[in-house]
Amino acid sequence: MTPSRTETTRARPPEDERRPRALPVRGPRAAREPGPRAQARRSRRYRRDAKWSPYAFIAPFFLFFAAFGLFPLLYTGWASLHAVSLHSPTEMEWVGLRNFSRLLEDEFFWNALRNTFTIGVISTVPQLLMALGLAHLLHYRLRGSAFFRVALLTPYATSVAAATLVFALLFGRDYGMINWALGLVGIDNVDWENGTWSSQIAVSTIVIWRWTGYNTLIYLAAMQAVPDDLYESAALDGASRWQQFRHVTVPSLRPTILFTVVVSTIGATQLFGEPLLFGGSQNGGGSHQYQTLGLYLYEQGWFNFHLGRASAIAWAMFLILIVIGLLNWLIARRLQKSH
C-alpha cells in the first residue's frame, strides 16, 4: 500500500530542523573581544609608552653623566672654596676664594700654564698640518688607500702608557735611537728629558704621533663631502692640484679645521699621561720644565694632599676650556656671516 502524499509530507522533518545548528560560543573566544574599559586602558597604556619610553632609553646616559660628570664638577667647585686635606676629605674649612688668589701668586701654576701652552702649540700646529696633507694625498686615488686609512688609526688605538714608554726609550740620552741618528750627521747627544725645549718637543712628538691619524680621517671625511664640480671647474680654469688645494679644499674645510683646532686645544689643556710617563714623576722634570696643568693638579692633590688647591686648579682649567669654547663660537659665527 502506497502512502499518500500528505503522510509523506508529515513524515519529513521541517527544513530548519534538518540544517546543522551552530553551537553557541563559549569560553575564551567570547572573552577575547575587549570591552570599552579594556580598550580605554590599552589606549592610555600606549600613550604613556609612546610618551615616556624615549626618556627611558636616554636615561642611562644622564644617570652616568650625573654620577661621573656633574657630581665631580659640583663637588670640586665646593671643595675649591675650602681647605681640604686628602687625609680627611670630609673635614672642610671655609676659605672662600683664597685658593684661587693663591694660584695667581703661585709661580709653579704660571709655569705649568706656560708649559701647557707651549706644548699645545708645538703639538697642535704640526699635527694638523700633517693631517691636512695626508688627507689630501688619501683623497686622490692612491694604491692601497684602505690599508693606509687603517694604519693611520693604529697610533690612536695604542695605549698611552705603551706609546710613551717606547718614546722615552727612543729619546734616551745615552742609548736612544734619536740621538744615534743625530750622531750619524755629527750632532752630539741631546739630553731630551732635562732640557726645557727638548723635553717639550719630545712630549709633543708623542702627542703628534698619536693624534695625527685621527685628525687625518676627519679631514678626509670632510674632503669627500666637497662637491666634485668645484674641482672640475677649477681644473677647466687651469688650476693646478696645489691651487685646487689652496682655493677649493681649504676654504671648504674651514668649519672642520676650526673643530679640530678646538678639540686639539682642549686635549692639550688636559695633557697628563704623556708628560707623567715620559719622566716618571709628577714634577715634570727637575726644574718643572714640562709640567703641565694636569701634572700640577696631580701633584697638589695626591702628593701634597691639598685637595682644595687641586680643586681650584681643576676649576681654572674648566674656565680656560669655557673661554676656548666661546672663542670657537665667535669664530664660527664670523665664518657663517662671511659666507
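The present account deals with the structure reproduced in this document. Owing to the predicted nature of the structure, the values given are computational and were not obtained by experimental measurement.

**Focus: the environment of Gly-96**
By secondary structure assignment, the location of Gly-96 is in the loop between strand E2 (88-94) and helix H5 (98-104). Taking relative accessible area as the criterion, Gly-96 reaches 12% and is therefore assigned buried. Apart from the residues lying within four places of it in its own chain, the contact partners of Gly-96 are Ser-80 and Leu-81.

**Description of the nonpolar core**
By size, the foremost hydrophobic cluster in this structure holds 12 residues: Leu-128, Ala-131, Leu-132, Ala-135, Leu-138, Leu-152, Tyr-219, Leu-220, Ala-222, Met-223, Phe-245 and Leu-253. Of all elements in the fold, only helix H6 (107-139) and helix H11 (196-224) reach the threshold of two or more residues within this core. The dominant element in this core, judged by the number of residues it contributes, is H6, at five residues.

**Quick notes on the pairing of E2**
Burial within E2 is sparse, with just zero of its seven residues counted as buried. Across four bridges, strand E1 (residues 82-85) lies against E2 in antiparallel orientation. Looking at the pairing, Ala-83 lines up with Glu-93 of E2. Where E1 hands over to E2, the hairpin turn is made up of two residues, counted between the paired strands.

**Focus: unusual backbone geometry**
Unlike most non-glycine residues, His-288 shows phi in positive territory, near 55°. Looking at where His-288 falls in the secondary structure, it is placed in the loop between helix H15 (273-279) and helix H16 (293-302). His-288 sits in the buried class, given a relative accessible area of 15%. Despite not being glycine, Phe-305 has its phi angle at roughly 65°, a positive value.

**Examining a nonpolar patch on the surface**
On the surface, a cluster of nonpolar side chains totalling about 1100 Å² of accessible area is made up of Trp-52, Tyr-55, Phe-57, Ile-58, Phe-61, Phe-62, Phe-65, Leu-70 and Leu-74. One can find Phe-65 in helix H4 (residues 36-79).

**Topic: the packing of H16 against helix H17 (residues 307-338)**
For the pair H16 and H17, the least separation of the axes is 7 Å and the interaxial angle reads 160°. By the criterion of interaxial angle, the relationship of H16 to H17 is roughly antiparallel. For the pair H16 and H17, the crossing hand works out as left-handed. The residues of H17 that touch H16, namely those facing Leu-293, Gly-294, Tyr-296, Leu-297, Gln-300 and Gly-301, are Leu-307, Arg-309, Ala-310, Ile-313, Ala-314, Met-317 and Ile-320.

**Some details on the packing of helix H14 (residues 254-269) against H17**
Two numbers describe how H14 lies on H17: the axes approach to 10 Å, and their chain directions differ by 175°. One element, H14, and the other, H17, form an angle in the roughly antiparallel class. Two secondary-structure elements touch here, H14 through Arg-254, Leu-258, Val-262, Thr-265, Ile-266 and Thr-269 and H17 through Met-317, Ile-320, Leu-321, Ile-324, Asn-328, Ile-331, Ala-332 and Leu-335. Residue composition of the contact of H14 with H17, by class: 10 nonpolar, three polar and one charged.

**Comments concerning the packing of aromatic side chains**
We describe a pair of aromatic rings using the distance from one ring centre to the other and the angle between the two ring planes. Going through the model one piece at a time under the given rule, you end up with 20 aromatic pairs. When the ring of Phe-278 is compared with that of Tyr-290, the centres are 5.8 Å apart and the planes differ by 75°; the resulting orientation is edge-to-face. With Phe-278 in helix H15 and Tyr-290 in the loop between H15 and H16, the pair connects residues that are 12 residues apart, well separated along the chain. Among the residues examined, Phe-278 registers a relative accessible area of 7% and is labelled buried. Summarising the aromatic geometry, the rings of Tyr-298 and Phe-303 are spaced 5.3 Å apart at their centres and angled 80° between planes, so their arrangement reads as edge-to-face. Its relative accessible area of 39% is what places Phe-303 among the partly exposed residues. Ring pairs connect the aromatic residues Phe-167, Phe-171, Trp-192 and Trp-209, which therefore count as one cluster.

**Comments concerning a positive patch on the surface**
Positive charge collects at one region of the surface, where Arg-37, Arg-41, Arg-42, Arg-44, Arg-45, Arg-47 and Arg-48 lie side by side. Here Arg-45 shows up in helix H4. Looking at Arg-45, the relative accessible area reads 52%, which means it is exposed.

**Comments concerning the pattern of salt bridges**
Per the stated rule, a full pass over the model turns up three salt bridges. Arg-173 is paired through a salt bridge with Asp-191; the nearest N and O atoms lie 4.0 Å apart. Taken as a pair, Arg-173 in the loop between helix H9 (160-170) and helix H10 (177-184) and Asp-191 in the loop between H10 and H11 lie far apart in primary sequence, 18 residues in all. The exposure class assigned to Arg-173 is partly exposed, which follows from its relative accessible area of 45%. What makes Asp-191 partly exposed here is its relative accessible area of 28%.

What counts, and where the lines are drawn
- Residues numbered from 1 in each chain as written.
- Predicted model: local features only at pLDDT ≥ 70, side-chain atom pairs only at ≥ 80, totals over all residues.
- Heavy atoms only, no water.
- Helix = DSSP H or I, 4+ residues; strand = E, 2+ residues; numbered from the N terminus.
- Buried < 20%, exposed > 50% of the residue type's maximum accessible area, 1.4 Å probe, protein only.
- Contact = heavy atoms within 4.5 Å.
- Core = buried A, V, L, I, M, F, W, Y, C linked by side-chain atoms within 4.5 Å.
- Pairing = 2+ DSSP bridges.
- Patch = residues over 30% accessible without salt bridge, like charges linked within 9 Å, V, L, I, M, F, W, Y side chains within 5 Å.
- Areas by Shrake-Rupley, 256 points an atom, 1.4 Å probe, with all protein chains shown as cover.
- Salt bridge = Lys/Arg side-chain N within 4 Å of Asp/Glu carboxyl O.
- Axes fitted to C-alpha atoms, helices over the stretch in contact; angles between N-to-C directions.
- Parallel < 35°, antiparallel > 145°, perpendicular 65-115°, else oblique.
- Left-handed = near helix turned anticlockwise from the far one by under 90°.
- Nonpolar A, V, L, I, M, F, W, Y, C, P; charged D, E, K, R; others polar.
- Phe/Tyr/Trp six-rings, centres within 6.5 Å; stacked < 30°, edge-to-face > 60°.
- Lys, Arg positive; Asp, Glu negative; His and termini not counted.
- Charge placed at Lys NZ, Arg CZ, Asp CG, Glu CD.

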